Amino acid sequence: MKNKNSSGRFRQILLNRQSGQSMTEFIIIFPVLLMFMLGAFQFALIFKAKSTLNYATFEAARAASVANATLESMYHGLSRGLMPLFVHGTEAPDLQAGRLEVREIIENNFVLIERINPTTSMFSSHGKDGDTGIEIPNDNLSVRDSAEKDSVNIQDANILKIKVSYCHRLIVPFVKKIFLLIYETYKPEPDNATNISVSDFTSACSNAERAPIVSQAVIRMQSPAYEAWDEVPPAP
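If you're wondering where the values come from, they're calculated on a predicted model, not measured in any experiment. For every chain, the first residue of the written sequence is number 1, and numbering continues from 1 along that sequence. For a predicted model such as this one, the threshold for reporting local features is a pLDDT of at least 70, and the threshold for listing and counting side-chain atom pairs is 80 or more; totals across whole chains, interfaces and linings nevertheless cover every residue. Only hydrogens and water are set aside when side-chain values are computed; all heavy atoms of the structure are taken into account.

Trainee: How would you sum up the environment of Ala225? Please name residues and give values.
Mentor: Strands here are runs of E lasting at least two residues and helices are runs of H or I lasting at least four, both read from the DSSP assignment and numbered beginning at the N terminus. Along the polypeptide, Ala225 turns up in strand β7 (residues 225-226). Judged by relative accessible area, which is 1%, Ala225 ranks as buried. Considering only alpha carbons, one finds Ala225 and Asn68, 157 residues apart in sequence, at a separation of 4.3 Å. A 1.4 Å probe rolled over the protein chains alone gives each residue an accessible area, and that area as a share of the maximum for its type sets the label: buried under 20%, exposed over 50%, partly exposed in between.

Trainee: Go over the packing of aromatic side chains with me, naming the residues and quoting the values.
Mentor: Stacked, edge-to-face and tilted are the three classes for Phe, Tyr and Trp ring pairs, Trp counted by its six-membered ring, which pair at centre distances within 6.5 Å; planes under 30 degrees apart are stacked, over 60 edge-to-face, the rest tilted. Across all of its chains, the model carries zero aromatic pairs by this definition. It is Arg210 that lies over the ring of Phe110; its NZ or CZ is 4.3 Å from the centre. By definition here, charges over rings are those cases where NZ of Lys or CZ of Arg is within 6 Å of the ring centre and within 35 degrees of the ring normal.

Trainee: Account for the nonpolar core, with residues named and values stated.
Mentor: Within the largest apolar cluster, 53 residues are counted, with the highest numbers of intra-cluster contacts made by Met74, Leu78, Leu82, Val111, Ile113, Leu160 and Ile162. Non-local contacts of Val111, meaning those with residues more than four positions away in its chain, are made with Tyr75, Leu78, Ile105, Ile106, Val164, Ser165, Tyr166, Asn195, Ile196 and Phe201. We call a set of buried residues a nonpolar core when its members are Ala, Val, Leu, Ile, Met, Phe, Trp, Tyr or Cys and they connect through side-chain atoms within 4.5 Å of each other. Whether two residues touch is decided by their heavy atoms; if any such pair falls within 4.5 Å, the residues are in contact.

Trainee: So, the confidence of the model for the protein: which residues are in play, and what are the values?
Mentor: The share of residues in the protein with pLDDT of 70 or more is 82%, and the mean pLDDT across the chain is 81. On a scale of 0 to 100, pLDDT captures the predictor's confidence in every residue. When pLDDT is averaged over each helix and strand of the protein, the minimum, 73, is found for strand β5 (residues 193-194) and the maximum, 92, for strand β4 (residues 159-169).

Trainee: Explain the pairing of strand β1 (residues 111-117) to me, and be specific about the residues and the numbers.
Mentor: Judged by how many residues are buried, β1 sits mostly within the fold: six of seven residues are covered. Think of it this way: DSSP has to see at least two bridges between two strands before they count as a pair. The sheet contact formed by β1 and β4 spans six bridges and is antiparallel. Across the sheet, the residue bridging to Leu112 is Ser165, located in β4.

Trainee: I'd like a rundown of the pattern of salt bridges, residues and numbers included.
Mentor: Salt bridge, as used here, is a side-chain nitrogen of Lys or Arg placed within 4 Å of a carboxyl oxygen of Asp or Glu. Overall, the coordinates contain three salt bridges when judged by the stated rule. Close ionic contact of Lys176 with Glu209 constitutes a salt bridge, the shortest N to O distance being 3.4 Å. One end of the pair, Lys176, is in helix α6 (residues 175-183); the other, Glu209, is in the loop between α7 (198-207) and β6 (210-220), and 33 residues separate them in sequence.

Trainee: Quick rundown of the environment of Val172? Include the residues and the values.
Mentor: The residue Val172 is located in the loop between β4 and α6 in this model. Residue class for Val172 comes out buried when judged on its relative accessible area of 3%. Separated by 127 residues in the primary sequence, Val172 and Leu45 have C-alpha atoms spaced 9.7 Å apart. Apart from residues lying up to four places away in sequence, Val172 is in contact with Leu38, Phe41 and Gln42.

Trainee: Hey, could you go over the packing of helix α2 (residues 71-86) against helix α3 (residues 92-107) for me, with residue numbers and the actual values?
Mentor: Interaxial angle, 0 to 180 degrees, is taken between N-to-C directions of lines fitted to C-alpha atoms, where a helix line uses only the stretch in contact. Where α2 meets α3, the closest approach of the two axes is 9 Å, and the angle between their N-to-C directions is 120°. With respect to α3, the axis of α2 lies oblique. For the crossing formed where α2 meets α3, the hand is right-handed. Counting all contacts with α2, which are made through Tyr75, Ser79, Leu82, Met83 and Phe86, the residues of α3 involved are Leu95, Gly98, Arg99, Glu101, Val102, Ile105 and Ile106. Ten residues, namely Ala, Val, Leu, Ile, Met, Phe, Trp, Tyr, Cys and Pro, are considered nonpolar, four, namely Asp, Glu, Lys and Arg, are considered charged, and the remaining ones, Gly among them, are considered polar. Looking at the contact of α2 with α3, its residues break down into eight nonpolar, two polar and two charged. When describing relative orientation, an angle under 35 degrees is termed roughly parallel and one over 145 degrees roughly antiparallel, while 65 to 115 degrees is termed roughly perpendicular and anything else oblique. Left-handed describes a crossing in which the near helix is turned anticlockwise from the far one by less than a right angle; the clockwise case is right-handed.

Trainee: A description of α3 should follow, citing residues and the corresponding values.
Mentor: Across its 16 residues, α3 extends 23 Å between first and last C-alpha, which sits within 8% of the 22 Å expected from 1.5 Å per residue. Buried residues in α3 make contact with α2, β1, β4 and β6. Backbone geometry just downstream of α3 places Asn109 in the positive-phi region, at approximately 65°. Expected helix span is taken as 1.5 Å per residue step, with the number of steps being one fewer than the number of residues.

Trainee: Talk me through the pairing of strand β3 (residues 133-136); I want residue IDs and the actual numbers.
Mentor: When a strand is regular, its side chains alternate between the sheet's two faces. Here strand β2 (residues 128-130) pairs with β3 via three bridges, running antiparallel. In the strand pairing of β3, Lys128 is matched with Glu135. Connecting β2 to the next strand, β3, in antiparallel fashion are two residues.

Trainee: Mind laying out the sheet that holds β2, listing which residues take part and the relevant values?
Mentor: Pairing in this open sheet of three strands is antiparallel, and the strands run β2-β3-β7 from one edge to the other. Of all the strands in the sheet, just β2 and β7 have a single pairing partner and so form its edges. Here two bridges tie β3 to β7, and the two strands are oriented antiparallel to one another. If you follow Glu135 over to β7, its bridge partner there is Tyr226.

Printed below as a string of structure tokens:
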């Protein structure tokens, strides 16, 4: 009888020790697991924003290709493409609210647009005087002289390439700080026309604790590209 009682107490001690060990392991693993779960959720939101930005950037390039590669046309196309991120209904007031939010994003310098191609040197080499200043001809490209000037011919000068950086809002606590530390290494240094200064864009991102997402689009021009570049973003 005594042996049975001793055996029972010993078994109970082992169970208590195992229970304590499991609790210790859970305390150690749970924060790590929680961070992984929150990180996965935030990454999913960023992926959604990146997919929308890819579409919006192409919309901006497509709109600019038929409107002389102007900043105003890029903003209108970009605004239409970004609407799905901010519209949460199908009624007219929902659409209007989303449009106003996109406008606020632009006014707060959360969008940086770079016209990578054509470059300033291409306007100098292939540009002609037009009604609005220097422009790159777009008509009769198939029969135009394809001789290269500054290593670029007239056909290549009629390719529009833009780059859009968008400051995306991070909403997941704790993980937000980690993502911001990662994105601190992103320092855009464009050599081309931009809608705002790079310093304004980076300051707006960091002050609002937002992370930049980048997308590019390439399309052939369907109209003469104007060298003139608006300095103030127009209302979408």
